[in-house]
Amino acid sequence: MNASALLRHLQTGVPLLATLRNYRLAWLSKDSIAGLSACIVSIPSVIAYAELVHLPAITGLYAALAAAIGYALFSSSRHVIAGPDAAIGLLAGSAILPLSGGDPARIVALAAVLSLLSGVVLLLAARLKLGVIADLLSRPVLIGYLNGASLVLIATQLGKMFGIKTEGEEFFQIVYTVFEKLSETHLATFIFGVLLVALLVALARWLPRVPGALAVCAVAITATFVFDLGSYGIALVGEVPSGFPHLSIPSLRWADLAALAPAAVAIAFLAFSDGILLAQTFAEKNGYEVRPNRELVALGSANILAGLWQGFPVSASQSRTSIVDSAGGKTQLAQVILAIGLLLFLFFLTGLIALLPKVALGAILIVTAIGMLEVASLKGLYKIDRVEAGIALGVTAAILLAGVVPGIILGLLLSLVTVLVEVSRPDDAVLRRLRSDGKFHDCLDDEEAESVPGLLVYRLYAPLIFANARHVTNRIRTLVDEAEPPVKWLVIDAQAIHDMDVTAAQRFVELHRELIARGVDVKIADAPRPFREELAKVGLSEEIGGTDFYVSVKQATQDFERQAVSPAGESGKTPE
């Protein structure tokens, strides 16, 4: 391989290299401003998200740094910023805590293992070109998950707000503990927390351009410095290490891998679903395309690097991505600059974190959770489809009752079941002829359309496969049995049957022979090539015969009416 070919290969595998090779200096100022803005806003948020995973605050910065580097190298998106995320953090924390036994060192190790596992799942999906799997997380399931996760997230932060120690991770257990220990509320912590929540809400309402998390952290740190909040019993984050994170491989136990695997798969689904939606949204807005499998590689690399740098699972961040876009960011160099900003903070400014009250992190997470709630979306879903609204509520209830990981797994299963039900009970129609132009349509108005006596025209709006073959053939039998006058010709409008598997083909053969034995001629109109090829494989093309295939339903109907007038006459249709 010559140097030119090697360079092209590297640029394909590492899109950032192609970006740098074609970079324009005119973009540098905008990418710099965008990257630094996102960095400043992200620092308080990622520290708060580390609390969700029950990790030291510094690990949020480690995870953010790893995500920025890993994602920037391999992403096809020019704008998406990767890093810790509230929903992913909550999911990770709910999977880790039950296995840790409350041991802080074990929590760190488990978080790193879970991040590595999630990254491996994402890379494996990329290798198998499974970018389409994100579609399995349907909108109702995502709404249900976000609502359930938001409520659990709020519950997990009540202990910080009231200054009390809560027990467990399940929603109702936490809420019960809070009510039980209300008399132990630390008044100074509670009042300060309420003031910070009010500040966040006010900024979001009246000064939306001001980053609320950053402002709250600045106010809280200043208050600690001026009023010595620690002397009033308000808990502080405390001293955190500075410098570059150590690269290390966490100790692995087979039992841990098995226990964390479901959570890793759920995190991979959720991270990619959110990530690809975010990438496509900003790509469409800025006039370029993203490659789903390349996004899988980028997210997988970000999670693996986060695991090696003592971090936790990461995803794409909508808020930081929006900041980069609004600041005029042009390329992934903005994320590289964000990483440089995080490095500078890690080396020189971590001392500020020690002065940060823990209740400030709780306030940030509570307001974040309120913003995650999809109440309006749930109401809209209820108006459109009550069954899907029920699925969303079911996922929310599962998360509140059984936990975040079982809830999201149930959501994925519900998505699959919904798809199977849709496939196994496809839409169909009996077509009738319009009086106006003689064409056949799925028409309900008796004044507009008419049936042709003795002719049944059936259209299936789906491929014919093993999952729906029994239902479709039984449906056709019922229509033939109930028809008045009796059916002489059954015309199957096959234009939507773009695929048929062997099981369905065999059932179709059985139906064809049964109807022929009953004196019903079976004709096929507008059959696509894959459908005819499958019929040929099972030998039905020869059995039906070329004269039983028509290019359109209208032509088949004309032939039927011609033969009804002259039964002894020959078909006047043009062979296909």
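The coordinates are above.
Computed from a prediction, not measured in an experiment: that's the story for all the values here.

**Q** An account of the overall build of the protein chain is needed here, citing residue identities and associated values.
**A** Along its length, the protein chain carries 24 helices and ten strands. Counting the 576 residues in the protein chain, one finds 51% classified as buried. A separation threshold of at least 6 residues defines the contact pool for the protein chain, and within that pool the share at least 24 residues apart is 79%. Of the roughly 26900 Å² of accessible surface on the protein chain, a fraction of 62% belongs to carbon and sulfur atoms. Looking at charge distribution, the protein chain has the averaged site of its 44 positive side-chain charges lying 7 Å from that of its 50 negative ones.

**Q** Tell me about the side chain of Thr-557, and name the residues and values.
**A** For Thr-557, the position within the fold is in helix H24 (residues 553-565). With sequence-adjacent residues up to four places away left out, Thr-557 is seen in contact with Arg-433, Phe-440, Val-452 and Leu-455.

**Q** How would you sum up the state of the cysteines? Please name residues and give values.
**A** Taken as a whole and judged by the stated rule, the model has zero disulfides. Between Cys-39, a free cysteine, and Cys-217, which holds the nearest cysteine sulfur, the sulfur-to-sulfur gap is 13 Å. Residue classification places Cys-39 among the buried residues on the basis of a relative accessible area of 4%. When its relative accessible area of 6% is taken as the criterion, Cys-217 is described as buried.

**Q** Describe helix H10 (residues 212-227), with residues and values.
**A** With 16 residues, H10 extends 22 Å between its outermost C-alpha atoms, agreeing within 8% with the 22 Å of an ideal straight helix rising 1.5 Å per residue. Among the residues of H10, Gly-212, Ala-213, Ala-215, Val-216, Cys-217, Ala-220, Ile-221, Ala-223 and Thr-224 are the ones counted as buried. Of the residues trailing H10, Asp-228 is marked for its positive phi of about 50 degrees.

**Q** Tell me what's going on with the pairing of strand E8 (residues 489-493), and back it up with residues and numbers.
**A** Taking burial as the measure, the five residues of E8 include five buried ones, the bulk of the element. In E8, alternate side chains face the same way, and those of Trp-489, Val-491 and Asp-493 on one face and Leu-490 and Ile-492 on the other are all buried. Taken together, strand E7 (residues 455-460), helix H20 (residues 466-482) and E8 form a β-α-β motif whose crossover is right-handed. Inspection of the sheet shows E8 paired to strand E9 (residues 521-525) by five bridges, in the parallel sense. Residue pairing in the sheet places Ile-492 in a bridge with Ile-524 of E9.

About the cut-offs
Residues numbered from 1 in each chain as written. Predicted model: local features only at pLDDT ≥ 70, side-chain atom pairs only at ≥ 80, totals over all residues. Heavy atoms only, no water. Helix = DSSP H or I, 4+ residues; strand = E, 2+ residues; numbered from the N terminus. Buried < 20%, exposed > 50% of the residue type's maximum accessible area, 1.4 Å probe, protein only. Contact = heavy atoms within 4.5 Å. Areas by Shrake-Rupley, 256 points an atom, 1.4 Å probe, with all protein chains shown as cover. Lys, Arg positive; Asp, Glu negative; His and termini not counted. Charge placed at Lys NZ, Arg CZ, Asp CG, Glu CD. Disulfide = S-S within 2.5 Å. Expected span 1.5 Å × (residues − 1). Right-handed = clockwise from strand over helix to strand, strands pointing away. Pairing = 2+ DSSP bridges.

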